[in-house]
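Commentary on secondary and tertiary structure
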Amino acid sequence: MKPGHKISLIYSGITIGLVLVAGMVFYFFASNYIRNLYFHYMEEKAHAVAEEKFSKDELDPVKYRNVVIRRKNSIPTSKELFIRVDNRQLARQALSAYLTDDQIEELYGNQTVNFEHGDEVGTAFVYYDNTGTFAVIVLSRNPYGADIANTLRWALLLLVLISAAVLWLISRLYAMRMLDRIDRDYQTEKMFVNNASHEINNPLTAIQGECEVALLADRTVPEYKDTLRRIAHEADRVVTIMRELLHFSHVRSGEEMGQREPVEIGLLVKAVAEGLCTVDCHDDFTVMGDANLLRMAFHNLINNAVKYSEGRPVSVNIVDRRVTIRDHGIGIPPEDLPHVFEPFFRASNTGSVMGQGVGLALAKAILEKHGARIKVESQQGEGTTVQVSF
């Protein structure tokens, strides 16, 4: 099973299980409350029935009429029994048809007994009258409780089914989106590590080769100096790559962002481009950001344009919160254009130009941290235009 399916199943299962448990607890308490409430009404009915039967001669007509009305307005009953309990042994035989021995003992202890008899519910209590002592038993069906319980069951089932469907969809979307992001980040980091290893390995291999060749035989001082110059050059490449890698890593994680302050982009770009190209600032503007990082980003973009222009002019135009860098150099092949901001990627037509392939990726990361968008358009053999929009 794919990880995304497994995660969504586990997440949905746990959540649906919690919903189901909560629904069952609610159903239990609701059903118990409805049952107790019905028994309460049964007790009122039983007392009203007893008063109507035994208090007719003791109450005046008005009070007796009120008792009758109260009895009629209470819940309907299917059976009303009056069992004389002066002789408890004889009474037990009649009561045992409805009550257990323990319930009979509770009844004799002057407690109200609520019980179930088949598909009916009943209540019983002892009523003391001047004509004797009687056990009053009232039986009734409880259609309300059954209907309410049935409605609750269907409502809870529907709730669980709807919750299951919604949670499955949400967890599926969340899991797939999360896994896609993890996979994308993993592939990026994998490519990043592979390319970094390759780029660092090249100058280190060159340094190792120069040392081995130099140690094969005694050489003249000029030859040793020449070897040391080549080693120093390759060592400088390693230092440059490591420095750019650290910058890139810190910028992506947000660790290198210094204190934000107002930065005038026009002045900053002019300072960066001095001696490299012309800058036409029609509309200077200010952004809140890290001046050092922004300087690094524009230096990488402008230096990249100059490096691949082969001596042709490079221009920078600033207007409407956009910085446009245009060169007339070798351009970028169409198949390479979507990858120019990937770390260590170098276009297929740049083999003769030295570079590490980190500058553009670093510039893009810095500018995006400052809320800017960067877009590249290029025609191979005609030049490249880089537009940064704040």
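First, a word on what this report is: a plain description of the structure on this page.

As a further point, take the side chain of Lys 45. Following the sequence through the fold, Lys 45 ends up in helix α1 (residues 3–54). Look at Lys 45: it is buried, it has no salt bridge, and the nearest opposite charge is Glu 80 at 4.6 Å.

Here we come to the sheet that holds strand β1 (residues 79–84). Spatial strand order, β1-β4-β3-β2: four strands in an open sheet with antiparallel pairing. Strands at the two margins of the open sheet, each flanked by one partner only, are β1 and β2 (113–117). Pairwise comparison of adjacent strand axes, ignoring direction, gives a mean angle of 25° for this sheet. Alignment of β2 against strand β3 (residues 120–129), held across five bridges, turns out to be antiparallel. Across the sheet, residue Val 113 finds its bridge partner in β3, namely Ala 124. Along the sheet face, helix α3 (residues 88–95) touches β1 and β4 (132–140) and points at about 160° away from the line of β1. Those strands touched by helix α4 (residues 101–108) are β2, β3 and β4, and its axis lies near 150° from that of β2.

To continue, consider the nonpolar core. Counting residues in hydrophobic clusters, the biggest one holds 37 residues, and the most contacted among them are Ile 265, Phe 298, Leu 301, Leu 367 and Phe 390. Mapped onto this core, the elements with two or more residues apiece are α7 (265–273), α8 (291–307), β8 (314–319), β9 (322–327), α9 (359–369), β10 (373–379) and β11 (383–389). Looking at this core element by element, the count peaks at eight residues for α8. For Ile 265, the contacting residues outside a window of four places in its chain are Asp 284, Phe 285, Val 287, Leu 294, Phe 298, Val 323 and Phe 390. Formed by 17 residues, the second largest nonpolar core is a distinct cluster that contains Tyr 98, Tyr 108, Phe 115 and Ile 137.

Counting across every chain of the model gives twelve salt bridges. Note that Glu 105 is salt-bridged to Arg 92, the shortest N-O span being 2.6 Å. With a gap of 13 residues between them, Glu 105 in helix α4 and Arg 92 in helix α3 connect regions that are remote in the sequence. The partner of Glu 368 in a salt bridge is Lys 364, and the shortest N-O contact between them spans 2.5 Å. Within this pair, Glu 368 and its partner Lys 364 are both found in helix α9, separated by four residues, close to a single helical turn. The exposure class assigned to Glu 368 is partly exposed, which follows from its relative accessible area of 44%. The class for Lys 364 is partly exposed, based on a relative accessible area of 23%. Linked by salt bridges that have partners in common, Glu 210, Asp 226, Arg 229 and Arg 230 make up one network.

Here α3 crosses α4 at 130°, and the two axes come no closer than 11 Å. Taken together, the axes of α3 and α4 are oblique relative to one another. Remark: the crossing between α3 and α4 carries right-handed chirality. For the pair α3 and α4, the contacting residues are Arg 88, Ala 91, Arg 92 and Leu 95 in the first and Asp 101, Ile 104, Glu 105, Leu 107 and Tyr 108 in the second. A breakdown of the residues in the contact of α3 with α4 according to their chemical character gives five nonpolar, no polar and four charged.

Moving on, we come to the packing of aromatic side chains. As enumerated under the stated definition, the model contains three aromatic pairs in all. Taking 5.4 Å as the distance between ring centres and 75° as the angle between the ring planes, the aromatic pair formed by Phe 28 and Phe 29 counts as edge-to-face. Taken individually, Phe 28 and Phe 29 each receive the classification exposed, so the pair is uniform in this respect. Ring geometry for Phe 285 versus Phe 390: centroids 5.6 Å apart, planes at 55°, classification tilted. One end of the pair, Phe 285, is in the loop between β6 (278–281) and β7 (286–289); the other, Phe 390, is in the segment after β11, with 105 residues separating them in the sequence. No difference in accessibility class separates Phe 285 from Phe 390, as the two residues are buried. Of note, Lys 364 hangs over the ring of Phe 341, and the distance from its end group to the ring centre comes to 6.0 Å.

Conventions used here
Residues numbered from 1 in each chain as written. Predicted model: local features only at pLDDT ≥ 70, side-chain atom pairs only at ≥ 80, totals over all residues. Heavy atoms only, no water. Helix = DSSP H or I, 4+ residues; strand = E, 2+ residues; numbered from the N terminus. Buried < 20%, exposed > 50% of the residue type's maximum accessible area, 1.4 Å probe, protein only. Lys, Arg positive; Asp, Glu negative; His and termini not counted. Salt bridge = Lys/Arg side-chain N within 4 Å of Asp/Glu carboxyl O. Pairing = 2+ DSSP bridges. Axes fitted to C-alpha atoms, helices over the stretch in contact; angles between N-to-C directions. Contact = heavy atoms within 4.5 Å. Core = buried A, V, L, I, M, F, W, Y, C linked by side-chain atoms within 4.5 Å. Parallel < 35°, antiparallel > 145°, perpendicular 65-115°, else oblique. Left-handed = near helix turned anticlockwise from the far one by under 90°. Nonpolar A, V, L, I, M, F, W, Y, C, P; charged D, E, K, R; others polar. Phe/Tyr/Trp six-rings, centres within 6.5 Å; stacked < 30°, edge-to-face > 60°. Lys NZ or Arg CZ within 6 Å of the ring centre and 35° of its normal.

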